[in-house]
Each structure stands twice: as structure tokens, then as C-alpha cells.
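# Overview (structure and organization)
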Amino acid sequence: MNPIISVSNLSKVYSNGYRALNNVSLDFHSGEILALLGPNGAGKTTLISIICGIVNPSEGSVTVGGHDIIDDYRITRSLIGLVPQELTLSMFVTVWNTVCFSRGLFGKKPNPAYLEQLLKDLSLWDKKDSDILTLSGGMKRRVLIAKALSHEPSILFLDEPTAGVDVELRKDMWNLVDKLRQSGVTIILTTHYIEEAEEIADRVGVISKGELIVVDDKEALKHKLGKRQMMIELENAIDKIPDLLSSWDLELSAEGNQLTYTYDTYSTQTGIAELLRAVDGAGLQLKDVNTSQSSLEDIFINIVNTPLHTR
Amino acid sequence: MMNTYAVRVIYKYEMLRAWDTIMQSFASPVISTILYFVVFGSAIGSRIETVEGVSYGAFIVPGLMMLALLTQSVSNASFGIYFPRFTGTMYEVLSAPISFAEILLGYVGAAATKSFIIGVIILITAGLFVELKIAHPIWMLGFLVLTCISFSLLGFIIGLWANSFEQLQLIPMLVITPLVFLGGSFYTIDMLPPVWQTVSLFNPVVYLVSGFRWSFYEVSDVSIQLSLFMVLLFSAVCLATVWWMFKTGYRLKQ
Ligand SMILES: Nc1ncnc2c1ncn2[C@@H]1O[C@H](COP(=O)(O)OP(=O)(O)O)[C@@H](O)[C@H]1O
Ligand SMILES: [Mg+2]
């Protein structure tokens, strides 16, 4: 399947000489929800801004729906809706007028029925004649989402959509994202909250210091990079780990009744079977065995703190 | 293929913004022009009866219109493009499927329309005070429209260049107003000492006012062809500058 967006060898050097993106290549699949995860300053907004046409790339190219973002900007930009990170809105315009403006700007003929439904979905309908100035921060964020969706885009970018957003809006937003995804819209969101990526994304890309470090299915990523732990509960407490088990990386709990074995899921030899046999051989009685997998958060911290060359 | 919806909404909402602040947009330039008119017309007009056969009150009408047109075109157009840059809402225009020419058409078109309306209101108002005669209405209209467009272009350039509200005010205050006052709005150039007559020929506004006044009373400081040529040249320079700014993404795109 052709990717809906294809980013190849993209770099950005700002006029002050700062290299915000370094040779990033990434494909976005049609209809997926992809989360770009990375700390502040990683280059997430820069990447989105280039795809949307707000920032010029320094090197590399991007296609959207198979069209180059520079040569065929009219086609590519009309496919995209962007909810920016900052609350950038004209203050002295009504909600209704600002969404009509956005729709027209993207070359769509007026469609009051569609915009009415959109504002209702975002609980903005009763505010339609209010000036933006009078709205709360959460309401302004809703207006930005309405503007981004006003021209019925097939790709939606959400740049840090939940930074400083209340629970209700968060819930509404994920409902909307769900609805959009069902109608086939591709959704790309950036965040530095891992739970968010874990909750809703199909795939996760990790960006750090302008480089794309990894991108993969959420589950595969957890699987590939996650550490697993096996907790072995013992019938009878022991004082120390028996010598027979010294070749495994084991930890004994304070009460002496639990051994914890940590291993990488991606190593070919986990040694679990041997360990269990050895535990038996050391004369220990098993009571229970549990395994746990690290969350994306653990993985993330693990990746971002790891120097590039060791991976 | 042109994105006509985009041009239309930019134009419409720029005009709507003027309508929302109608006092500031239309009433204040008209009132200040009437004040000039009353003060200059009656104070000086009581001493100078006529200039080249035209009553002084009527003589200054084209110059007063030019003063209002120039300052309003520049401030409207510069504010119109500076404000979205300042608030950050420019991101939306930049991410839209719209060409720079279309952005220009929307913003400059709206600013020029506003100035045109102000010009017409001033003309009608002046007609209530003095007897106006328009010898060449087509030329008059032509100068009016060209002035609105070219100085809105200049305003657009200033709005792109400015990085603060101070800079935005700077050029209209330090350049436009003096040029208009020294541009023969209230006198003919040959009333000046010879040295200043020569200096005045470097002031582009002289050509504008002269041509515009000629279309009313057939009285001019320089030939009408020269006036027209200078206005067209000025428009061309502004257009070329805007074109360069867009090509390089000047102050719009990193
Ligand atoms: N206009 C700019 N000029 C210079 N540096 C910039 C500009 N915009 C962003 N940067 C820098 O580029 C880096 C990446 O920024 P950004 O893309 O906003 O990161 P993120 O969205 O991941 O927080 C940051 O270090 C930021 O300071
Ligand atoms: Mg960002």
C-alpha cells in the first residue's frame, strides 16, 4: 500500500544555524493514528510545519497523497488539517465566522450544514456567535480543532493536543478522533505524554534531538524494546540466592520469598526454562510465577537516554 | 487553477473587520480631513482668494484626499498583514492551498477598497463645503484607484517588514505624512523658493497630487503624462518588492 505521507531524508537548519531535523525518513499509512513522541525541542513541530507548508525544508522531500508538497502544494495542503500547538486565533471574530473563513481559505465552497454539525460535535454550537476573545482556553482549543476540520481534510495533524487541556475536552477529543478514524481520516499527533500515545496510537515514532530514533507498531515496539520481568514466588522464604542460580540476573525481595528475573524479550535465549529447572534443582518450592512487560514510558526513557551509537 | 474562495474570504473578513471598527476605519479619517479643510480653507483661504483661478477651498480638496488616501492605504494594508503575523494566525494562511498572488489580492484588494471608500466619502463631504468641478472624471477615478492600490502595496510591504508596532507606525509617521505635506497638497510648487522647487521634484507625492489636481481643475505643477508615469513606476516598484519578498519567504517562512 502506498503511504499517504512520505518523508524522505528531511533536514531543517533554521536561519540561526540550529539543526532542528536531521535526515528524517518516515512513512505515514492511510487511516492510521500515529503518535510522534519526543521531549520538548525534539523537532516534532518543525516536522509537522514542513509537511503543512509553514516552514521550508532545508534538504529532503515530502509527498502527500503521492504529490510533492512544494510542486503540488495546492493538492497536498487541501488534504491536510492542522491543529497548532499554540492557541493562535484572531480574537475579535466570532466562532462561526472563523470556521467559515478557514473553510474558504482551503478552497471549499460554503457548507453551513457541515459546519453546524462540526460545531455541535465539538460542543461549540451555542457559542457560535461569541467572539473568540470571550472563550475559555479549552473552548479556544475546540475552535482550533473546528477550524482544522472545517474543510473536511483526510489527514489531521494534532500538535500537542492535550497540553493543558481539561478532562472533558480530552474525552471529547478522543471521541472525535475515534469518529474521524472510522471515516478513514489519517491522524498524526505529537505528544510528550506517553500514556496518550499508548492509549490511542496504532504506531509510535520516537523523535529526539531532530532524529527519528524508532517507529513501529505500538505493540511491536513494546515487544521489541521492552524488558520483561518474571517474578518467582517461593513457598518458603530464603536468606540468600542459592549458588546454583548465580548465573542468572536475579534479585531477592526483602522478605526473601520472591525472586525477580529481568530479561530482554528480543534476546533469542531468555533462559526461562533453564532457570525454572535450576530453581527446582536448588530445592526451592515454587508457589507462583508472574511476568510483566515494561510500558512505553519505560521504553521511551530507555531509548532517549541511550546514546545513539550503542543501539 | 485559482483558489477564488480563499481570495473571497480574505477580502470579506478584512472588510468585515473594517465594518466592526467603523468609527476608526471610516469616520476618523473623514473627520480629520474636514478639520484640515475648515482650518486650512478658512484660515489661509481668507488671505489667498484663488490659486490659478480656483478658489483656495476647492484647490486643496485633491491634496486633502491624497493625504487621507495615502495614510489610510498604508495603515490599513500594513496592519492587515502585520496583525496575523503578530498573533501567529498567519500559520493558517501559510498552510492553506493558496498562492502568494492570491494572498496579495485578498489583503491588498481589501485595503485598497477601504481607502477608495474613504476617498469617495471625503469627496462628497467636500462637495458640501465648496463648489467642486471635475474636469476629467475618468482620469480622476484612474488616479484615485491607482493611488489606493499602489500605497496599499506599500503598506503591505511595511506590514511584512515591521517586527514591532513601533516600526509599523514609523514609516507612515516619519515618511508618508511629511511627504504629503511637502508634496503640494496645500499650495502649488511654484509658490516655493527655487531651491525648494527643485527639492520637491524628488518627492513622488508631488506627481500624484499634481496629476490628481489636474483631473479636477486642469491646474498642475508637472505634466499629466509625467504624473501618470511616476504613479505607474511607483506601483511597479512596489509590486516587484512584494514579489521578491514572497519569492524569498521574507519574514513569513523560516
Ligand atoms: N524559528 C526557529 N528558529 C530557530 N530555532 C527554532 C525555530 N523554531 C524552532 N527552533 C528550535 O528547533 C528545535 C525544535 O523545535 P520544535 O520543532 O518546536 O520542537 P518540539 O515541537 O519537538 O518541541 C528547538 O530547539 C527549537 O528551539
Ligand atoms: Mg512542538
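Residues numbered from 1 in each chain as written. Chains lettered and ligands numbered in written order. Predicted model: local features only at pLDDT ≥ 70, side-chain atom pairs only at ≥ 80, totals over all residues. Heavy atoms only, no water.

### Quick look at the sheet that holds strand E1 (residues 5–13) of chain A
Residue and element names in this part refer to chain A. Let me state the cut-off plainly: DSSP bridges decide pairing: two strands pair if at least two such bridges lie between them. Helix and strand definitions follow DSSP, with helices as H or I runs of at least four residues and strands as E runs of at least two, each counted in order from the N terminus.
Read from one edge to the other, the open sheet built from four strands follows the order E2-E1-E4-E5, with strand pairing classed as antiparallel. Edge strands, defined here as strands with exactly one partner in the open sheet, are strand E2 (19–28) and strand E5 (67–68). The sheet contact formed by E1 and strand E4 (residues 59–64) spans five bridges and is antiparallel. Directly across from Ser6, in E4, lies its bridge partner Thr63.

### Digging into the domain arrangement of chain A
Selection rule: Residue ranges assigned to the domains are those given by an automatic or database domain assignment.
On domain assignment, one finds that chain A holds domain 1 (5–223) and domain 2 (227–293). Placing a centre on the C-alpha atoms of domain 1 of chain A and another on those of domain 2 of chain A gives a separation of 46 Å.

### Remarks on the coordination of the magnesium ion (ligand 2)
Residue and element names in this part refer to chain A. Rule in force here: In this listing, donors mean N, O and S atoms no farther than 2.8 Å from the metal, or 3.2 Å for Na, K and Ca; water is missing from the atoms, so a site can look incomplete. Buried, partly exposed and exposed residues are distinguished by accessible area as a fraction of the type maximum, computed with a 1.4 Å probe on protein chains only: under 20%, between the cut-offs, and over 50%, respectively.
The coordination sphere of the magnesium ion (ligand 2) contains the protein donors Thr45 (OG1) and Gln85 (OE1), at a distance range of 2.0 to 2.3 Å. On the criterion of sequence distance, the pair formed by Thr45 in helix H1 (residues 44–52) and Gln85 in the loop between strand E6 (80–83) and helix H3 (95–105) is long-range, its members being 40 residues apart. Using a relative accessible area of 27% as the deciding quantity, one classes Gln85 as partly exposed.

### Examining the interface of chain A and chain B
For the record, the criterion: Any pair of residues with heavy atoms lying within 4.5 Å of one another is described as a contacting pair. Buried area is calculated as the accessible area (1.4 Å probe) missing from two parts once they are joined, with the contributions of both summed. Salt bridges are identified by distance alone: a Lys or Arg side-chain nitrogen within 4 Å of an Asp or Glu carboxyl oxygen.
Of the residues lining the interface, 31 residues belong to chain A; the matching set on chain B comes to 25 residues. In this assembly, chain A packs against chain B so that about 2500 Å² is buried in total across both faces, 57% of it on carbon and sulfur atoms. The largest contributions to the chain A side of the interface with chain B come from A:Arg74, A:Phe101 and A:Leu105, which together make up 27% of the buried area. Where chain A touches chain B, the interface holds two salt bridges.

### Considering the site of ligand 1
Stated formally: Proximity is defined per residue: any heavy atom of the residue falling within 4 Å of a molecule or strand makes that residue near it. Any N or O atom pair separated by 3.5 Å or less is treated as a polar contact, with the protein-specific requirement of one donor-capable and one acceptor-capable atom, and with residues adjacent in sequence counted only for side-chain atom pairs. Surface accessibility follows the Shrake-Rupley procedure with a 1.4 Å probe radius. Residue values consider only the protein chains on display as shielding. Polar here means any residue outside two lists: the nonpolar Ala, Val, Leu, Ile, Met, Phe, Trp, Tyr, Cys and Pro, and the charged Asp, Glu, Lys and Arg; Gly therefore counts as polar.
Taken together, 13 residues lie near ligand 1, and A:Gly41, A:Gly43, A:Lys44, A:Thr45 and A:Thr46 sit nearest. The environment around ligand 1 is built from residues contributed by chains A and B. Between ligand 1 and A:Lys44, the relevant distance is 2.8 Å, taken from an oxygen atom to a main-chain nitrogen or oxygen of the residue. A distance of 2.5 Å is found between an oxygen atom of ligand 1 and a side-chain nitrogen or oxygen belonging to A:Thr46. Protein chains shield 70% of the accessible area of ligand 1, which is 570 Å² for the free molecule. Tallying contributions element by element places H1(A) first for the shell around ligand 1, with three residues. Taken together, the residues of the shell around ligand 1 break down into five nonpolar, seven polar and one charged.

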